[in-house]
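Okay, here's what each chain looks like letter by letter:
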Number of protein chains: 2
Amino acid sequence: MRAGFSTAEIVAVGSELLTPYKSDSNSLYLTSELNGIGIDVREKVIVGDDEHDLTAAFREALARVDLVVLTGGLGPTADDLTREVVAHVLGLPLDEDAAILASLRDRFARRGLTMPEINRRQAQVPRGATALANAHGTAPGLWIPVHEKVVVLLPGPPRELKGIFETYVLPRLTERTASRRLRRRVIKMTGRPESHVEEIAQPLYSKMAQWRIPVRTTILAAPGQIELHLTAEGADVEGIDRTLEEAVQTLSSALGSIVFSTDGRSLQEVVGELLRLRGAWIAVAESCTGGLVESRLTDVPGSSEWFVGGVVAYANAVKVEQLGVPPDVIERHGAVSEQVASAMAAGVREKLHADIGVGVTGVAGPGGGTDAKPVGTVAIAVTGEPPRTFKFLGDRNMVRLQATQAALEMVRRLLLSP
Amino acid sequence: MRAGFSTAEIVAVGSELLTPYKSDSNSLYLTSELNGIGIDVREKVIVGDDEHDLTAAFREALARVDLVVLTGGLGPTADDLTREVVAHVLGLPLDEDAAILASLRDRFARRGLTMPEINRRQAQVPRGATALANAHGTAPGLWIPVHEKVVVLLPGPPRELKGIFETYVLPRLTERTASRRLRRRVIKMTGRPESHVEEIAQPLYSKMAQWRIPVRTTILAAPGQIELHLTAEGADVEGIDRTLEEAVQTLSSALGSIVFSTDGRSLQEVVGELLRLRGAWIAVAESCTGGLVESRLTDVPGSSEWFVGGVVAYANAVKVEQLGVPPDVIERHGAVSEQVASAMAAGVREKLHADIGVGVTGVAGPGGGTDAKPVGTVAIAVTGEPPRTFKFLGDRNMVRLQATQAALEMVRRLLLSP
């Protein structure tokens, strides 16, 4: 058991979160923010709009942790129960807050509407609680001190939740957690499987768990990407940061050039930064990835400083006419070949007047595979580097994701070469 | 309270699921499958690799529902606790299963390895439980009957979990739920805000909740897309399906042409199907969306039957040289204008020999906005239709998503026009 104000539970409320179509994404944001100030999320619970279930979940959470954050169920309709259930469990009467009511009426009036009576519920505040103004919606948040513990209620829509959390909740929590902090570093890698990373990293990080300031390590795998998450905590923030830096350095040098980021940046951000530093412009020609390499690059704010554009050459005629791929190269080697990938890369570089050209062609599936070139076969070329052929496993989506990752990694390696 | 074997709780185990970086995606799959055979998911809990927390979560779940599904924590290492905790709470001794042990040893031997002693734990089975073979990994699943209830343990990796669930768990559960089923239909819309949909739909679906077979309705909003989820349940599967069909028909005709799908298909799938039926080929020129429209289209298997390709024209030179946009049109109206969008659409249609051309140009942000054309301004043109200018709210990602949605919707409307 950890000392002080250090543990939290997140209770997400809403029947839609118990369907196959919607997952609770707010808790990832909240976890990140809470971890940052040294609060561990011990458990997450998702309950429907059900008085009985919500009552039980809230009671159990309150018994377990220092901070209970409830999200959702603060709307005006009959199935929004969070405010009432929390007040009832805590034995607090609900008072109507005149200021909130006025601001709700005003909000409607500004749009030329009269506030429906049903919205009055959103002006109710459990006695002793503080209402937290919502700049983006009608439901205010609530901060309820319960002896040494705290209960926080936040509306479900992410923009409303984030606004209230940043403005009111985070500063108040930071006071309570004093100087104890939990810090996290992430090492991101590509190009090798999880088992390869684990073999090198495990002997090192198992020792780090015994350091004076212990470092905890978790390994995560996504399509084409492996991540090591390192955490350490305590009051000595500088010591923690130094320790984590040492851990990152030790692991990174052991893992070598497969590490592309130790500061949270994505592969496209790293590639973009390298292009910017080199003053180089890139252009992309893609077939099986169908725009995904380009959409990842343009996902980076400011990409217009180093990304010229590209061509999605799905039909062979586009490869020939727009990129100048010789038809006989396609005929001789097939559209999925290193020769065609190279011609696409060279073609898009020349036509779009870029410094670096990228060409991607492959079989994403489910159809189109042959014995020689099964689904998952992808040829990738970056001008100035030898082309490569990959055999990716998984469905269409997995193949496409891994192919974009491999293409970006080849660009990164080119930009790092002397 | 519902009768029979009808309620479930999912307990996801793993400290990595309590970090800001990983969410529990297995539960969406499990919910979908359980709903399909009439089992409601009442609650979802996520706990770390902690004996105390896991014990409490499992006890509470078992008290609440008919079926408890625990995922994760079945690995060979010391922090994998699920098997032991469940056996302990149920008061069942763990026996080593010789057949599982032999198959584990064999699995390692086939790769030329000796099984580490630590993996022996994975051959332990609570007395009275049935081990469920794992075709894709070492940890078998477990099926444990507890009086009228059932506890199921599944490994965390999605491929392993799905394999075991489909092969062994689903058929056994289907026996228990007899013929009672829960069915779901989804109406997807775009082009109007949630409040507009709610205003039309609410009076209708509130009546449907009173039908002989009641229909429950939930409204969900995503960037550029609103969805109505309709569910009904009971023993009379044909009656349920007829009732849901009637509900879908009633709501769809009231909502009109903003409805693009009532059978689960995405907007790009609907557009692709319309193109295929019309025998029309499409080509796309995009600037601010940077390949996202094209990557959504090529996300559809078989898109090579109707998608020619496209040009990502980030730099103005690419708009001019590759798409034939007249430089003076850019100069006079600005790169973000209906004139440029129209020239891009016409240009890509002509250069790529397509039947339909699409042009998208806008300010995705965070930089690049002006008073006249703030961040979120996007001009979209589809050949044969008048161009439109949109003002989207939200961050770069939201603007890009809404712009792709609007572009695909304009194509859909063109294809539906006589």
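Not measured: the values here are computed from a predicted model. Every residue gets a number counted from 1 within its own chain, in the order that chain's sequence is written. Each chain is given a letter, starting from A, and each ligand a number, starting from 1, according to the order in which they appear as written. Two thresholds apply to this predicted model, a pLDDT of at least 70 for residue-level local features and 80 or more for giving and counting side-chain atom pairs, whereas whole-chain, interface and lining totals are computed over all residues.

Undergrad: Which parts of the structure should I look at to understand the relation of the copies chain B and chain A?
TA: In this structure, two copies of a chain are linked by a rotation about an axis accompanied by a shift along it. Least-squares fitting of one copy onto the other uses the C-alpha atoms of those residues that reach a pLDDT of at least 70 in both copies. Here chain B sits on chain A after a turn of 180° about the axis and a move of 0.4 Å along it, with an RMSD of 0.5 Å. Here the transformation between the copies is reduced to the relation of a two-fold axis.

Undergrad: Honestly, unusual backbone geometry in this entry has me stumped. Any pointers?
TA: Note: most peptide bonds trans; most residues except glycine with negative phi. Residues and elements named next belong to chain A. The omega angle of the peptide bond from Gly-365 to Pro-366 is 0°, so this bond is cis rather than trans. Elements are defined by DSSP. Helices are runs of H or I of four residues or more, strands are runs of E of two residues or more, and each kind is numbered from the N terminus. With respect to the element layout, Pro-366 can be found in the loop between β15 (356-362) and β16 (377-382). Within the chain, His-147 stands out as a residue other than glycine whose phi angle is a positive 50°. Mapped onto the fold, His-147 is located in the loop between β7 (141-146) and β8 (149-154). Buried means a residue has 20 or more other C-beta atoms within 10 Å of its own C-beta, exposed means 12 or fewer, and partly exposed covers the counts in between; C-beta atoms are placed from the backbone. Among the residues examined, His-147 registers 5 C-beta atoms within 10 Å and is labelled exposed. Located in the positive-phi region is His-353, a residue other than glycine, with phi close to 55°. Of note, His-353 is situated in the loop between α12 (338-351) and β15. Overall, His-353 belongs to the partly exposed group, with 13 C-beta atoms counted inside 10 Å.

Undergrad: Just checking my understanding: could you explain the sheet that holds strand β12 (residues 259-261) of chain B for this structure?
TA: Strand pairing within a sheet occurs via backbone hydrogen bonds; the two strands may be parallel or antiparallel. All names here are of chain B. A strand pair is defined by DSSP finding two or more bridges across the two strands. Across the sheet, four strands lie side by side as β10-β11-β9-β12; this open sheet has antiparallel pairing. Looking at strand neighbours, the two that pair on one side only are β10 (216-222) and β12, the edges of this open sheet. Strand-to-strand twist in this sheet, taken as the mean axis angle between neighbours without regard to direction, amounts to 30°. Sheet strands in contact with helix α6 (residues 194-208) are β9 (181-189), β10 and β11 (225-234), and its direction is about 170° off that of β10. Helix axes are fitted only over the stretch in contact, all axes being lines through C-alpha atoms; the angle between N-to-C directions runs from 0 to 180 degrees. Any two residues are considered in contact once their C-beta atoms, placed from the backbone, lie within 7 Å.

Undergrad: Got a minute to help me understand the environment of Lys-149 of chain B in this structure?
TA: All names here are of chain B. Along the chain, Lys-149 turns up in strand β8 (residues 149-154). Owing to 15 C-beta atoms within 10 Å, Lys-149 belongs among the partly exposed residues under this scheme. Residues Lys-149 and Lys-44, spaced 105 residues apart in sequence, show a C-alpha to C-alpha distance of 17 Å. Once you skip the residues sitting within four places of it in the chain, Lys-149 turns out to touch Leu-62, Asp-66 and Leu-67.

Undergrad: Where do I start with helix α1 (residues 26-36) of chain A in this structure?
TA: Three or four residues apart is the spacing at which side chains of an α-helix point the same way, because the helix has 3.6 residues per turn. All names here are of chain A. Burial in α1 covers these residues: Asn-26, Ser-27, Leu-30, Thr-31, Leu-34 and Asn-35. Around the axis of α1, the buried residues are gathered within 150° of arc, so they sit on the same side. Where the residues of α1 are buried, they touch β1 (7-13), β2 (40-47), β3 (67-71), α5 (158-177) and β9 (181-189). Where α1 ends, the next residue or the one after it, Gly-38, has phi of about 80°, a positive value. Taken from the helix axis, the directions to the C-beta atoms give the arc we talk about.

Undergrad: Explain the pairing of strand β14 (residues 307-313) of chain A here, please?
TA: Sheet faces and side chains relate simply in a regular strand, where the side chains alternate between the two faces. All names here are of chain A. Of all seven residues making up β14, seven are buried, and the element is well covered by its neighbours. Direction of pairing for strand β13 (residues 282-286) relative to β14: parallel, over a ladder of five bridges. For Ala-283, the partnering residue across the bridge sits in β14 and is Gly-309. In this view, the connection linking β13 to its parallel neighbour β14 by way of helix α9 (residues 292-298) has right-handed handedness. By convention, a crossover is right-handed whenever its connection, traced from the first strand over the helix to the second and viewed with the strands pointing away, goes clockwise.

Undergrad: How do you make sense of the domain arrangement of chain A when you look at a structure like this?
TA: One frequent convention defines the size of an interface as the accessible area lost when the parts assemble. Residue and element names in this part refer to chain A. Those domain boundaries reflect an automatic or database domain assignment. Per the domain assignment, the segments of chain A are domain 1 (7-177), domain 2 (181-261) and domain 3 (267-416). When each unit is reduced to the centre of its C-alpha atoms, the spacing between domain 1 and domain 2 is 35 Å. Facing the four residues of domain 1 at the interface are four residues of domain 2. By the convention adopted, Pro, Cys, Tyr, Trp, Phe, Met, Ile, Leu, Val and Ala count as nonpolar, Lys, Arg, Asp and Glu as charged, and the other residues, Gly among them, as polar. Here the side of domain 1 that touches domain 2 is composed, by residue class, of one nonpolar, two polar and one charged.

Undergrad: What exactly am I supposed to notice about the interface of chain B and chain A here?
TA: Counting from both sides, the interface comprises 52 residues of chain B and, opposite them, 52 residues of chain A. For the side of chain B that touches chain A, the elements supplying multiple residues, two or more each, are α1 (26-36), β2 (40-47), α2 (51-64), β10, α9 (292-298), β14 (307-313) and α10 (316-323) of chain B. In this structure, β2 of chain A lies alongside β2 of chain B, joined through five bridges in antiparallel fashion. Looking across to β2 of chain B, one finds that Val-45 of chain A is bridged to Val-45 of chain B.

Undergrad: Help me understand the packing of helix α8 (residues 267-278) of chain B against helix α13 (residues 396-416) of chain B in this model?
TA: A pair of packed helices is captured by two measures, namely the crossing angle of their axes and the spacing between those axes. All names here are of chain B. At their nearest, the axes of α8 and α13 sit 10 Å apart, and the two run at 30° to each other. What the angle tells us is that α8 and α13 run roughly parallel. Taken as a pair, α8 and α13 cross one another with a handedness that is left-handed. For the pair formed by α8 and α13, the contact residues are Leu-267, Gln-268, Val-270, Val-271, Leu-274, Leu-275 and Arg-278 on the first element and Gln-405, Leu-408, Glu-409, Val-411, Arg-412 and Leu-415 on the second. In terms of residue class, the contact of α8 with α13 is built from eight nonpolar, two polar and three charged. Geometric relationships in this document are graded by angle, where less than 35 degrees denotes roughly parallel, more than 145 denotes roughly antiparallel, 65 to 115 denotes roughly perpendicular, and other angles denote oblique. Throughout, a crossing is termed right-handed when the near helix is turned clockwise from the far one, and left-handed when it is turned anticlockwise from it by less than a right angle.

Undergrad: When you look at the environment of Val-68 of chain B in this model, what are you seeing that I'm missing?
TA: Residues and elements named next belong to chain B. Relative to the helices and strands, Val-68 resides in strand β3 (residues 67-71). Judged by C-beta crowding, with 27 C-beta atoms within 10 Å, Val-68 ranks as buried. Between the C-alpha atom of Val-68 and that of Phe-58, which follows or precedes it by ten residues, the distance is 7.9 Å. Residues within four places of Val-68 in sequence aside, it is in contact with Glu-9, Val-11, Phe-58, Ala-61, Leu-62 and Val-151.

Undergrad: What should I look at first to understand the sheet that holds β3 of chain B in this one?
TA: One open sheet accounts for twelve strands, arranged β6(A)-β7(A)-β8(A)-β3(A)-β1(A)-β2(A)-β2(B)-β1(B)-β3(B)-β8(B)-β7(B)-β6(B); its pairing is mixed. The open sheet has two edge strands with one neighbour each: β6 (130-132) of chain A together with β6 (130-132) of chain B. Looking at each pair of strands side by side, their axes are set apart by 15° on average, direction ignored. Note: β1 of chain A against β3 of chain A, five bridges, orientation parallel. Residue pairing for β3 of chain A: Val-11 of chain A is matched across the bridge by Leu-70 of chain A. Across the face of the sheet, helix α3 (residues 82-90) of chain A comes into contact with β1, β3, β7 and β8 of chain A while running at roughly 160° to β8 of chain A. Of the strands in this sheet, β2 of chain A together with β1 (7-13), β2, β3 and β8 of chain B are in contact with α2 of chain B, which crosses β2 of chain B at around 170°.

Undergrad: Looking at this model, I keep getting lost on the nonpolar core. Mind explaining?
TA: Across soluble globular proteins, you tend to see nonpolar side chains buried next to one another. Among the nonpolar cores identified, the biggest contains 138 residues, and Ile-282, Met-344 and Val-358 of chain A together with Ile-282, Met-344 and Val-358 of chain B are the most heavily contacted of them. Apart from residues lying up to four places away in sequence, Val-358 of chain A is in contact with Ile-282, Val-284, Ala-285, Val-293, Ala-345, Val-382, Ala-407 and Val-411 of chain A. By our criterion, buried Ala, Val, Leu, Ile, Met, Phe, Trp, Tyr and Cys residues that link up through C-beta atoms within 7 Å make up a nonpolar core.

Undergrad: How should I be thinking about α5 of chain A in this particular structure?
TA: All names here are of chain A. In a helix, the anticipated span is given by 1.5 Å times the number of residues less one. Taking 1.5 Å of rise per residue, 20 residues should cover 28 Å, yet α5 covers just 25 Å from first to last C-alpha, more than 12% shy of that figure. Residues Glu-160, Leu-161, Gly-163, Ile-164, Phe-165, Tyr-168, Val-169 and Leu-173 constitute the buried set of α5. Among the structural elements, α1, β3, β6, β7 and β8 are those in contact with the buried residues of α5. Phi for Ala-178, located one or two positions after α5, is positive at around 50°.

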